[in-house]
Amino acid sequence: MSSPTLIDNSITNNTIIWDKSSLPDKIQTFDEYKSLYTLSIEDPNRFWKMAAERLNWYHFPTKIKNTEFDYRTERGVDIKWFEDGIINVCYNCLDRHIEKDPNIANQIALIFEPDIPTDTHHHITYGELLCKVKKFANVLKKHGIKKGDRVTIYMPMVIEACIALLACARIGAIHSVVFGGFSSHSVAERISDCNGTIVITSDFGVRGGKCIPLKSKIDQALLMPECNTVKTVIVFQRYYGMENLKDDCVERRKTLEWVNGRDFWAHEELETVNDICEPEQMNAEDPLFILYTSGSTGKPKGILHTTGGYLTYVNLTFKYVFAYNPGEIYMCSADVGWITGHSYVVYGPLANQATTVVFEGIPTYPDVSRFWNIIDKHQINIFYTAPTAIRSLMAHNDSYVTKTNRQSLRLLGTVGEPINPEAWRWYCNVVGNGRCPIVDTWWQTETGGFMITPIPNAWELEAGSATLPFFGIQTQIFDEKTRKPLEIPDRGELCIRDSWPGQARSLYGNHKRFIDVYFKPYPGYYFSGDGCEIKKNGYHWITGRVDDVLVISGHNIGTAEVESALVQHVAVAEAAVVGYPDPIKNQGMYCFVTLKDNVLESDELRKELIKTVRDVIGAHVHPDIIHFAPNLPKTRSGKIMRRILRKIVEPDIHNLGDTSTLNDPTVVDELIRTSPRTKLT
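Calculation rules
- Residues numbered from 1 in each chain as written.
- Predicted model: local features only at pLDDT ≥ 70, side-chain atom pairs only at ≥ 80, totals over all residues.
- Heavy atoms only, no water.
- Pairing = 2+ DSSP bridges.
- Helix = DSSP H or I, 4+ residues; strand = E, 2+ residues; numbered from the N terminus.
- Axes fitted to C-alpha atoms, helices over the stretch in contact; angles between N-to-C directions.
- Contact = heavy atoms within 4.5 Å.
- 1 Å grid on protein atoms, 1.4 Å probe; cavity = no way out; pocket = protein on both sides within 12 Å on 5 of 7 lines; lining within 4 Å.
- Points joined across faces, edges and corners; volume = space filled by probe spheres on them.
- Nonpolar A, V, L, I, M, F, W, Y, C, P; charged D, E, K, R; others polar.

Participant: Is there a simple way to think about the sheet that holds strand β4 (residues 108-113) in this case?
Facilitator: In a beta sheet, neighbouring strands are held together by backbone hydrogen bonds and run either parallel or antiparallel to one another. Taken in spatial order, the seven strands make up an open sheet running β5-β4-β17-β16-β18-β19-β20, and their pairing is mixed. Two strands in the sheet have a free side with no partner beyond their single neighbour: β5 (122-125) and β20 (438-440). Averaged over all pairs of adjacent strands, the angle between their axes in this sheet comes to 20°, without regard to strand direction. Taken together, the four bridges between strand β18 (residues 382-385) and strand β19 (residues 411-414) define a ladder with parallel strand orientation. Across the sheet, residue Ile382 finds its bridge partner in β19, namely Leu411. Contacting β4 and β5, helix α5 (residues 126-142) runs over the sheet at an angle of about 80° to β5. Set on the sheet, helix α12 (residues 370-378) makes contact with β4, β16 (329-332), β17 (355-359) and β18; between it and β4 the angle comes to about 140°.

Here is the structure:
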């Protein structure tokens, strides 16, 4: 394994450019990475042409890259990749594997792990999945859905959700997946924005043993006037055909409301169609999906991804970053309602003919050993999850991990937010027994796929660093005050210098907002909204969202850095840091701290934590309030809702925004009750 030296981030200096006619199956060494990276920067047309050759096209593109990032030019921001290419995403995920080798029809494509643990194995082969996708695509066509129509999908994390995505891709419909934890109002907002005419849902979902009435939420959403475009609702019956799986939702099914002529059971509709459905031939720049991101205020942003560039990018990133070997079992714990579920549960793995796990549940149900039991049950080789999940699990006794075997694991990964070194080391040493590399990936909904990431065994890892940019990605940090580019080593606001195939093309129906948010802050660059420190060796350390930077007495302090310092203390399981208005220092520092099992709160511990932060970061960093919190407000995917924490400490508790996506909304009430800041109101 080579140890990189990248003074001034000059990966391409004095590097022999890749001169072979195709890309390698894997990246074996750091020199090989440098050679390919140099090609991807100096001749992106050649590099990405070879990447596109990993897919099957009806018409292979002759135009590879045609992009403009500078909004000040006559052309303005305009992104096109493979623009004369013709392709179908579903065909590349399913049909082509079987056509190349008919035996692949018997290979397992998806493994379903239900919320309630069971000894039974539930899986679906590539042949079975293709048949189911064709039939459901025909159901959509029966209801008038055609190329370019928007289809809203509001499903639990089950096999049928994946089928719905692939069926849309097969016929050229644009899917808009709404996470199953969103409220009816949020669903309505997203249906309205994309003018959807059909909704695919389930009668119920179950997470952590709790029955969630999805169909009822759709009924409520469709009562709102902005959803009057919806004419059809296709409803999957939970666990239909899986007689050995039972849950508490069965009795509640009798209470479902039903609108005749609008609502249709999926299993009944599937009986009326055959499994003959040719894939729609799609231009590479035809839209594939819309995925909405939301904040505390304002209209959700409909991130628009297109067909050829997105699939080329997730296909290559999955293959190289996970170094996937045929026959391996891969698990990503993300929900399909988020970009990680799109890119690295469905499209990336299936385009690589992988076997991928679909996990319905949560990591703490029925107990905190659930992940590790799943790994043993399915003999998982590659495991990809969120730092928040890791931090919450490491708060418990290591015996929950060590009582399991986990010898099947080869590679571990993290996604969603920066991982602090302490959690990274626990993940490496306790979960991976010190023998599994960790790919700490940085990317966004807007980027489509991995942007900064290790490639396993090609270079040395550093706990907490995403390390180096993926092929074609040119990072640049800027000074937030002068707006000037910075030379490394330094820290600043992270931007990307040029386009890559997987990036979003626009915000649906609002290209102006797309430009304003991502391209106006630093003309000629894509602005990520994240802070980053790039060290002398070129390794990247994501410091968190730029709006998560506190300005205290003239000092800029990244909240992720403070959180990382807090969890280094032996008593701390998890921390979330936000700022509040301070008339003297500009901002005060408020630290929500979750302690490990059997650790008692005390003023002495508060003093120790303050000292830890000062010792780790510097004497100028002094937490003002340490709030011991047994639980933090999290989405069902495990992400801490920091915007709610900010509202609590401002205090602005009457404008918390939508809390329906929280795993346990009562946590918010308890934090409001116990916060010294809310007592000011």
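Participant: Which parts of the structure should I look at to understand the sheet that holds strand β24 (residues 526-534)?
Facilitator: Spatially, β21-β22-β24-β25 is the arrangement adopted by the four strands of the open sheet, whose pairing is antiparallel. Of all strands in the sheet, those with a lone pairing partner are β21 (475-478) and β25 (540-545), marking the two edges. Across the sheet, the mean angle from the axis of one strand to that of its neighbour is 45°, orientation sign disregarded.

Participant: Would you take a moment to explain empty space enclosed by the protein for this structure?
Facilitator: One way to see where empty space is left: roll a probe the size of a water molecule over the atoms. Tallied over the entire structure, the rule returns five cavities of 30 Å³ or more. In this structure, the largest cavity spans a volume of roughly 90 Å³. Around the largest cavity sit 14 residues that line it, and Met155, Pro156, Gly180, Arg207 and Ile212 are the ones nearest its centre. If one sorts the elements of the lining of the largest cavity by residue count, strand β9 (residues 205-207) sits on top with three residues. Considering the residues around the second largest cavity, the lining is formed by Ser40, Ile41, Pro44, Trp48, Lys65, Gly472, Gln474, Asp498 and Ser499. Counting only elements with at least two residues in the lining of the second largest cavity, the list comes to α1 (30-42) and α2 (44-52). Its residues assigned to classes, the lining of the second largest cavity shows three nonpolar, four polar and two charged.

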